[in-house]
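# Observations on chain architecture
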Amino acid sequence: MANRFFEGVAHAAVYAKFRPSPPPSIIERVMAFLKEKYSGALTSACDVGCGSGQSTQILAPYFTSVTGLDVSQAQITEAIKLNNRNNVSFKVSGAEKLPFPDSSQLLVTSCQACHWFDIPQFYKEVDRVLVPGGVLAVYGYLFPRPICEDATGKLSEIVDHMYKKKLGRYIHQGSKEVYLENYMSDKFKLIYEEQVEIRDDTHYVDKVASVTELTGYITSWSGFQNFYKQNGDDAASQLLQRFQNRIMSALQVSTSPEETKVCLRYRYFLLMGRKPVGMMS
Ligand SMILES: C[S@@+](CC[C@H](N)C(=O)[O-])C[C@H]1O[C@@H](n2cnc3c(N)ncnc32)[C@H](O)[C@@H]1O
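Residues numbered from 1 in each chain as written. Predicted model: local features only at pLDDT ≥ 70, side-chain atom pairs only at ≥ 80, totals over all residues.

### Let's talk about the overall build of the chain
Counting its regular elements, the chain contains 9 helices and 9 strands. On the principal axes, the C-alpha backbone points of the chain span a range of 60 × 40 × 35 Å. Within the chain, contacts between residues separated by at least 24 positions form 77% of all contacts whose residues are at least 6 apart in sequence. (Helix = DSSP H or I, 4+ residues; strand = E, 2+ residues; numbered from the N terminus. Contact = placed C-beta atoms within 7 Å.)

### Overview of the nonpolar core
Counting 69 residues, the largest nonpolar core has Val 30, Leu 136, Ala 137 and Tyr 139 as its most contacted members. Of all the elements, strand β9 (residues 261–274) adds the most residues to this core, at 8 residues. Excluding anything up to four places from it in sequence, Val 30 contacts Leu 107, Val 135, Ala 137 and Met 272. (Core = buried A, V, L, I, M, F, W, Y, C linked by C-beta atoms within 7 Å. Buried ≥ 20, exposed ≤ 12 C-beta atoms within 10 Å, placed from the backbone.)

### What about the pairing of β9?
Most of β9 sits inside the fold, with 10 of its 14 residues counted as buried. Alignment of strand β5 (residues 130–141) against β9, held across 7 bridges, turns out to be antiparallel. Looking across to β9, one finds that Gly 140 is bridged to Phe 269. Relative to β9, strand β6 (residues 145–147) is paired through 3 bridges, and the arrangement is antiparallel. Residue pairing for β9: Pro 146 is matched across the bridge by Leu 264. In this structure, strand β7 (residues 194–198) lies alongside β9, joined through 5 bridges in antiparallel fashion. Bridge pairing in β9 links Ile 198 to Leu 270. For strand β8 (residues 204–210) and β9, the ladder comprises 7 bridges, and the chain directions are antiparallel. When the sheet's bridge partners are listed, Ala 209 is paired in β9 with Val 262. (Pairing = 2+ DSSP bridges.)

### A short note on helix α8 (residues 211–218)
Among all positions of α8, only Val 211, Leu 214, Thr 215, Tyr 217 and Ile 218 are buried. Along the axis of α8, the buried positions cluster into a sector of 155 degrees, meaning they face one direction only. (Arc of directions from axis to C-beta.)

### Points about the packing of α8 against helix α9 (residues 222–251)
The geometry of α8 relative to α9 is characterised by a closest axis approach of 10 Å and an angle of 155 degrees between their N-to-C directions. Taken as axis vectors, α8 and α9 run roughly antiparallel relative to one another. Note on packing geometry: the crossing formed by α8 with α9 is right-handed. Side by side, α8 and α9 meet where Val 211, Leu 214, Thr 215 and Ile 218 of the first sit next to Phe 224, Leu 240, Phe 243, Gln 244, Ile 247 and Met 248 of the second. Taken together, the residues of the contact of α8 with α9 sort by class into 8 nonpolar, 2 polar and no charged. (Axes fitted to C-alpha atoms, helices over the stretch in contact; angles between N-to-C directions. Parallel < 35°, antiparallel > 145°, perpendicular 65-115°, else oblique. Left-handed = near helix turned anticlockwise from the far one by under 90°. Nonpolar A, V, L, I, M, F, W, Y, C, P; charged D, E, K, R; others polar.)

### Some points on unusual backbone geometry
The phi torsion at Ser 103 lies on the positive side, around 45 degrees, for a residue other than glycine. With respect to the element layout, Ser 103 can be found in the loop between β3 (88–92) and β4 (105–111). With 14 C-beta atoms packed within 10 Å, Ser 103 lands in the partly exposed category. At Gln 112, a residue that is not glycine, the phi angle is positive and equals roughly 55 degrees. Relative to the assigned elements, Gln 112 resides in the loop between β4 and α5 (119–129).

### Examining the environment of Leu 42
Relative to the helices and strands, Leu 42 resides in the loop between α2 (24–37) and β1 (44–48). Setting aside residues no more than four positions away along its own chain, Leu 42 makes contact with Tyr 62, Phe 63, Thr 64 and Leu 106.

### A closer look at helix α4 (residues 73–82)
Since the α-helix turns once every 3.6 residues, residues separated by three or four places project in the same direction. Considered for burial, the residues of α4 that qualify are Gln 75, Ile 76, Glu 78 and Ala 79. Buried residues of α4, viewed axially, fall in a sector of 160 degrees; they line one side.

### Observations regarding the pairing of β3
As defined by bridge partners, strand β2 (residues 65–70) adjoins β3 across 5 bridges and the pair is classed as parallel. Bridge pairing in β3 links Thr 67 to Ser 89.

### A look at the environment of Ile 27
Locating Ile 27 in the fold gives a position in helix α2. Sequence separation between Ile 27 and Leu 59 is 32 residues; the distance between their C-alpha atoms is 7.4 Å.

In structure tokens form, the structure reads like this:
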């Protein structure tokens, strides 16, 4: 069954504001893999679990037509609002039944979303819609690490503490599978014999954020949203305030949280597989 943690309009807006866009290097790597065995026109690609569209937009320069799909109407509304590409469109759709004819897509991507899907059903659908030689790229990012000179270790500890201790029991297993385990379990194993797994430091994004924005980023976690639903406004605000205070005191600066900047490093991992050439599903 589809997970609905990201359904709320407010959450979709927070999500759009605080989540990173994938590094161009990761898409270049995916395109290089696709082109190893495919030399025709780059017609259609889709991005499943597109959220507010960050992971869909980056495909636009490569394909004639790109479709972002998400089960949440609120995310799709946000994605349409932010879309600035003519060849990109968005549609509400679950990953378990893709709205495309057989053998119609050259590339199916899913960024930071697959852990919410019914994986066997999604992979079956991917196999149906991919052309022979087409590529499935499943990727995501680990827990972000704040980087800030001498305070780096301490800041990481504070973010870890928030995720694992304060919000630990509100965090869904799916979130841990991506943030902490980068899809290492067999559950995510791609169905194609020809595949590449990249779990190293090659691809990352650094996002400079104020301490206020770092605190805002916490609110985009499904675990925080669960905490909020169960404990209400006051408890959620206090939790965030304490987190922000701890970050400020680790940084030992006299500026306000709005003015104080930290760098957040999101390290990406990538799993790619190619549908066998010359075989129809
Ligand atoms: C963590 S967000 C990732 C969004 C985006 N790809 C990104 O890189 O920021 C996960 C998204 O998966 C969507 N989702 C969850 N279950 C889904 C399903 N079964 N089918 C399609 N989308 C789903 C959620 O609504 C949410 O927008």
